[in-house]
Each structure stands twice: as structure tokens, then as C-alpha cells.
Amino acid sequence: MASKAKGPKAVTANRLSDGVVVYLTPDDRWAETPDQADWAEAPEDQEALLTRAQAFAGTTVVAPYLFQVIPQADGTPRPSHMKEVMRANGPSVRPDLGKQAELAHPGTGEER
Amino acid sequence: MYRYDEFDQALVNDRVEQFREQVNRRLSGELTEDQFKPLRLMNGVYLQLHAYMLRVAIPYGTLSANQLRTLADVARRYDKGYGHFTTRQNIQFNWPALKDIPDLLSELAQVEMHAIQTSGNCIRNVTADQYAGVAAGEVEDPRVYAEIIRQWSTLHPEFSFLPRKFKVAVTGCREDRAAVAVHDVGLRMTRDDAGEPGFEVLVGGGQGRTPVIAKTIRNFLPKRHLLSYLEAVLRVYNQLGRRDNAFKARIKILVNSVGADEFARMVEEEWQAMPDQELDLPDGELERIQAYFAPPAYHDLPDDPPAYAAWRRHDPEFARWVQANVAAHKQPGYAIVNVSLKPHGGAPGDATAEEMEAVAELADRFALGEIRVTHEQNLTLPDVRQEDLYELWQALAHHGLATANVGLISDIIACPGLDYCSLANARSIPVAQRIQERFADLDRQHDIGELKVKISGCINACGHHHVGHIGILGVDKKGQEFYQLTIGGSADETASLGEIVGKGFAYDEVVDAVETLVDAYLEHRARGEAFLDTYRRVGAEPFREKLYAAD
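Just so we're clear, the structure is a prediction, and the values are computed from it rather than from any experiment.

Criteria and thresholds
- Residues numbered from 1 in each chain as written.
- Chains lettered and ligands numbered in written order.
- Predicted model: local features only at pLDDT ≥ 70, side-chain atom pairs only at ≥ 80, totals over all residues.
- Helix = DSSP H or I, 4+ residues; strand = E, 2+ residues; numbered from the N terminus.
- Rg over C-alpha atoms; globule rule 2.2 N^0.38 Å.
- Buried ≥ 20, exposed ≤ 12 C-beta atoms within 10 Å, placed from the backbone.
- Contact = placed C-beta atoms within 7 Å.
- Nonpolar A, V, L, I, M, F, W, Y, C, P; charged D, E, K, R; others polar.
- pLDDT = per-residue confidence, 0-100.
- Pairing = 2+ DSSP bridges.
- Axes fitted to C-alpha atoms, helices over the stretch in contact; angles between N-to-C directions.
- Parallel < 35°, antiparallel > 145°, perpendicular 65-115°, else oblique.
- Left-handed = near helix turned anticlockwise from the far one by under 90°.
- Expected span 1.5 Å × (residues − 1).

1. Structural notes on the overall build of chain B
Turning to step 1, where the next piece is worked out: For chain B, the count of helices and strands is 18 helices and 21 strands.
Turning to step 2, where the next piece is worked out: In terms of overall size, chain B behaves like a compact globule, its C-alpha atoms giving a radius of gyration of 23 Å where 551 residues would be expected to give roughly 24 Å.
Turning to step 3, where the next piece is worked out: Across its three principal axes, chain B shows a C-alpha extent of roughly 60 × 60 × 60 Å.
Turning to step 4, where the next piece is worked out: With 551 residues in all, chain B has 53% of them scored as buried.
Turning to step 5, where the next piece is worked out: Within chain B, counting contacts between residues at least 6 apart in sequence, those at least 24 apart form 67% of the total.

2. Some points on the interface of chain A and chain B
How big an interface is tends to be stated in terms of accessible area lost as the parts join.
Turning to step 1, where the next piece is worked out: Each partner contributes to the interface: chain A provides 23 residues, whereas chain B provides 22 residues.
Turning to step 2, where the next piece is worked out: Counting residues per element, the ones that place at least two in the side of chain A that touches chain B are β5 (61-71) and α2 (82-89) of chain A.
Turning to step 3, where the next piece is worked out: No other element matches the four residues that α2(A) contributes to the side of chain A that touches chain B.
Turning to step 4, where the next piece is worked out: When grouped by side-chain class, the residues that make up the side of chain A that touches chain B number 11 nonpolar, nine polar and three charged.

3. Considering the confidence of the model for chain B
Turning to step 1, where the next piece is worked out: Residues with a pLDDT of 70 or more make up 100% of chain B, whose mean pLDDT is 96.
Turning to step 2, where the next piece is worked out: Predicted complex, confidence summary: ipTM 0.92, pTM 0.96.

4. A word on the sheet that holds strand β6 (residues 127-128) of chain B
Residue and element names in this part refer to chain B.
Turning to step 1, where the next piece is worked out: Ordered by their spatial adjacency, five strands build an open sheet running β6-β7-β8-β9-β10, and the pairing between neighbours is mixed. Unpaired on one side and paired on the other, β6 and β10 (215-222) mark the two borders of the sheet.
Turning to step 2, where the next piece is worked out: Contacts from helix α6 (residues 226-240) reach β8 (185-191), β9 (197-203) and β10, with the element oriented near 10° to β9.

5. Section: the pairing of strand β12 (residues 334-339) of chain B
Residues and elements named next belong to chain B.
Turning to step 1, where the next piece is worked out: Of all six residues in β12, six are buried, a share of seventy percent or more.
Turning to step 2, where the next piece is worked out: The turn joining strand β11 (residues 326-328) and β12, which pair antiparallel and follow one another in sequence, is formed by five residues; a positive phi near 85° is taken by Gly 333.
Turning to step 3, where the next piece is worked out: With five bridges joining them, β12 and strand β15 (residues 379-385) adopt antiparallel strand pairing. Bridge assignment links Val 337 to a residue of β15, and that residue is Leu 381.

6. What about the sheet that holds strand β4 (residues 82-85) of chain B?
Residue and element names in this part refer to chain B.
Turning to step 1, where the next piece is worked out: Spatially, β1-β2-β5-β4-β13 is the arrangement adopted by the five strands of the open sheet, whose pairing is antiparallel. Single-partner strands in this sheet number two, and they are β1 (45-47) and β13 (350-352). For this sheet the average axis-to-axis angle between neighbouring strands, irrespective of direction, equals 30°.

7. Details of the confidence of the model for chain A
Turning to step 1, where the next piece is worked out: Confidence in the prediction of chain A, expressed as mean pLDDT, is 91, and 89% of residues score 70 or more.
Turning to step 2, where the next piece is worked out: The low-confidence segment residues 108-112 of chain A, where pLDDT is below 50, has four contacts with residues more than four positions distant or belonging to other chains.

8. Some details on the packing of α6(B) against helix α8 (residues 260-273) of chain B
All names here are of chain B.
Turning to step 1, where the next piece is worked out: Viewed as axis vectors pointing N to C, α6 and α8 meet at an angle of 120°, and their least axial separation amounts to 8 Å. Here α8 runs oblique to α6, going by the angle between their axes. Crossing handedness for the pair α6 and α8: right-handed. Contacts from Ser 228, Tyr 229, Ala 232, Val 233, Arg 235 and Val 236 of α6 reach α8 at Met 266, Val 267, Glu 270 and Trp 271.
Turning to step 2, where the next piece is worked out: Across the contact of α6 with α8, the residue classes tally to seven nonpolar, one polar and two charged.

9. Here's the deal with α6(B)
Residue and element names in this part refer to chain B.
Turning to step 1, where the next piece is worked out: In this model α6 runs 21 Å from its N-terminal to its C-terminal C-alpha over 15 residues, within 8% of the 21 Å that 1.5 Å per residue would give.
Turning to step 2, where the next piece is worked out: Those residues of α6 that fall on the buried side of the exposure criterion are Leu 226, Tyr 229, Leu 230, Glu 231, Ala 232, Val 233, Leu 234, Val 236 and Tyr 237.
Turning to step 3, where the next piece is worked out: Along its buried surface, α6 packs onto α5 (142-153), β8, β9, β10, α7 (251-258) and α8.

Below, the structure written as C-alpha cells:
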């Protein structure tokens, strides 16, 4: 599992009510895109990130976990493994669906 | 078709309302995810890569036109306008919101559908030959027995917490279109020396990380003992199946570890110890269920009427579709029509709401309102008059549903793979699409002949790669998608497991490799030989040589 690997990590989960893929932000919101995610390098900071996320497992999100990211030059994280890239974008065979479609046509996705 | 009685309907309605309460309690935080997860799984709700996924049962793959229309409506109202037909004759919706699922299930309940036992360690949806009731040479309609097993296994208290999931398939013919040899229990209808119908019972087949062809533990089981004998099989498994390791918990591991003969002996002992006839079907019950599957009132029609023959002569595209997609019906003047859900460039098994509605409408118009789902992820219209085939074909073509490729290289089984599945290591659907693109020329496909390509995106083998004539298994190699090829597998009455041809291929190489295997077959095939026949005659070596010639 990716969480055993070294390097920077962020937390993702699915929104409880509708299953949409979400990411924990620095101000403890759940954003729909990984570039808004909080991330940490040190293992103890990553554990703290996960603990913060788990506080939302009651009524907000389901199954939060740490995943590997690559911080970009501007400090925003991007998923590194192909599975997390797929979650962040949507099915590669259906560019009309998932977040990739919402980003292409902004304003249609739910904000929370 | 079977129609719910008041007990069936009350059970399904009650389950929807129970689940509605459970969802409400989860959304309010009263239930934790750990508490809720087993409850949602009992109702077919998984959490997948992008969203929740709902798997809806289609018992033995039989649907009415009205049910298919409801599935279309559900796809449109609660999902993103499409559904995915699976290798167990079910349908999956990829994007339902948890908060909407109780309403969705309530709509399904109105047409006698549900998602009970589509997940969890219980007896899953019983599958059957999609040509049930209409195949020539059938001993009996297997759906009668699949329905009896469905009723017996639904919420069976003793078998709701098995060591692992349990899948049963039934075929009424010698020909096996239900892949019975790769199921936990496979039932093949046969006759004894006196001509009485009964079952050959196979156990311990399966795919996944440990593929096994099922062993016959009883050559002939009289029909009336079906449930008591199955109960004995399940009891032995329930007692002795491993619960310490999920990867070793299926019945195939138990049968392999004690041996098929010893397993058969234990079942026999358990069976003999049961009170006499405790579970035998009471008089009249078999007949009651059989009545639901009574053949329709067929008309006395000429076989191969002149107009049908003329259209085949004059329209080569129609003739090609007939050759690939139309099968012989037991009744003269009728035909079985396969509707391919493998249009080139589509996702195998996916159907849009509009496509489902089109098939439902055509089933009403031309096929007595009945549709079957095949384990190869296509749809079948079982009762079509031959005189209507040309008009039906034109209407299917209008909806993009007349791809003449059933049984050919582009009729690929593919699991959802990394595009949708949280277990997958590699994508399956785009590999299928690239193969379809490479072999887009239907003349070439027809020249190659029967060739079953099956693709799984991980070792769980939902895409049946072990039994593909060419099997493709996606793996994660250092974060990259990589594909292992097998050849020589088969899921029919000559079932066999494919053998690995050699080292695997990267995503960009795998289609070339498949084409090379096809070329090797074309070089070696004798007249009239299909891919599998050639492989069985010459072995894997000529294929390997061609594939790795440059190494």
C-alpha cells in the first residue's frame, strides 16, 4: 500500500453522502481536487494529518487514507501513483465523466 | 418468467425500508463505517475508486423488457446515464450517491429487482445458460433449478456467513455457455441410463489467484434431491472451509486440500445423515416453478423462410451479422439473437440508458418481451421469428447495437479495471478498445474466427483471463501498467486454464503482442480450425517462438 512508502503524503477519502473523492485541506475542509490538499513529509506529521481526517469519519467522509503526492513548484501537491491520478481525474476511458469533466466545464460540480 | 409471490415481494420491500433506516443512521453518524459496511455490502453497495457502486442482481440473467426499462430509468435518474453488465449476469451502477440508494432500490423493488446477496460471503446470484429454454438439445430449462436454488439460498440463515463468497451456475445442455467449470458449484443437466433428467455436480472451480477447473463429485443426482445435496455440500464447506485466510477460503482450496474423492465422500456422509426427504421438493412445487418457465405459444412457422434467405444473399452485412450473432433456436422458424455490447471503442458490457430502452422496446416488438444477460457481457433476445430478423437487425443498427462480432476477437470480456475499480492494478477497458481498434476490420475478424480474449486488471480475475483463448492479466510493475499473456484457456464444456506464454508486456506493447499471437495461429491453423483447436494441436511453442523471436 502506498502509505508504507516514503515521501510527502496527503489524505483522501470519499464524501459519505454521495461518494465523491475528496481531499483534506490545511483549514480542515474537504476539497474535490488534490491541489488544495494539505500534505506532510515527516511520518509523525502524516499521522497527525490522518488523525485530523479521522475526526470527520462520523458524518462527513468515509475511509480516509494517506497517499503519496509530489509537491509542485508552487507548493501544491499532485498525486504520483496512477491509481490516485485516476481518482483525481475520473475514468481514463470516459473523459466526459468525473472531475476531469467538471474541470473542463466548471460550475457544474457540487461545492461544499 | 418467474413472477414474485407475496412473500418475495414483502421480503424485498421490507429490505428496502430496513436499508433506508440503516442509511439514515449512517448519515446521521449514529452508525460508524465499521458498523455500516457489512450492512451496505449485504445490499450490494461497494465503495469503489471514484464513488459508491451498486450491484443489482439479475437472477440467471433473465430480464423482462419492463425491468430493463427500469434499469435504464435508474441509470438516468440516479447514475450517469449508463450501467455495466457483468460476467455474473448482473448490472452495476458506478456513481450512485449513498443518500439516493434507498429510493433507487425502492424503484427496483417495483419491478421485482433488488441487490440482495450481490456481495458478501453468501450464495450469490445463480447464473445460467443465456440460451436456457430455447437451445436445441437441452435436457431441461436450467432456470427452473436456478430459481429453486435462488429461493432456497435467499437469506438462508446457515449460509449467510460462509468462509467466503459462493457462486453457482447451471446449464441445461452438454454445451456450456455458463462457465460451470469455473464456479464453486456447477450443475450440468444430464440423463441417467433410464433417461431420467438429473444433474452432474461439479465443485471447487474458480478463478482468482488460484484458478481451478471444477471436479465432478457426482455423475448423476436425481432432480428431487437437488437442494438436500447442495445443502450437504454447503455444510461441509461451511464447517471445513478456511476462515483464517481470505485468499484460501474458497471451496476450491478445501476440495484441493482433501482431494475431490474425499470431499465427495464427506458430502455423501453429510447427505445420508440428513433426515429423509427433508429438503426434497414437495409434490407440485417443481411443477409450480416450471409453470413460470413454460415455453411461449410458438407459431407454426417455416424454417429459413424465403425472405430471410433472400436478405442474407442480398445484404452481406446482414449475412455477416447473422453468422456471428444469431444462433439456432429449438423451434423451427425462430432464432436466438445476440446483441453485442462490444461496439468497437466502447467499454465491454456498458449500455447507456438509451440503449437499454432501445433493447427493451425491440424485445417487446420482436422477442416476446424477454432479454437475457450473458456472462460474456452481451444481451440475448431468445425468441425472435426468423422472418423478423432483417427488420430487427436494421433497428439494432440504428441504435449502434448490431456489431457483428459475437464470439470474435473484438467480443472481449473485460473487468472495469483501474478505470473504476479500487482493487485493480492496471486498466482493462482501454486495452480492449485498442484490440478492437487494431482488428476493426470485420472481414479480418470473421476470417480469424472464434477467438475469446479476456482481460483482468488484477489477479482477482473478474475479467476471466484464465479461461480466455487469449488471456490478459494487468499487473503493477514499479508503478507502471504491465500485462501478462496466457493462451489456451477455455470456459466451455472443454474447460481449461490458459498457460503463461512468457514475460509480460508494457501497456503500449500488449496489442502488438496479441496480434503476434493471432499471426502465429493463422500461420499454423489447419482448415476449419479455430484458435483454440490450433493451440491444442500444436501447443504453446509456436506461439512463444513468434512472440519472442526478436529476443
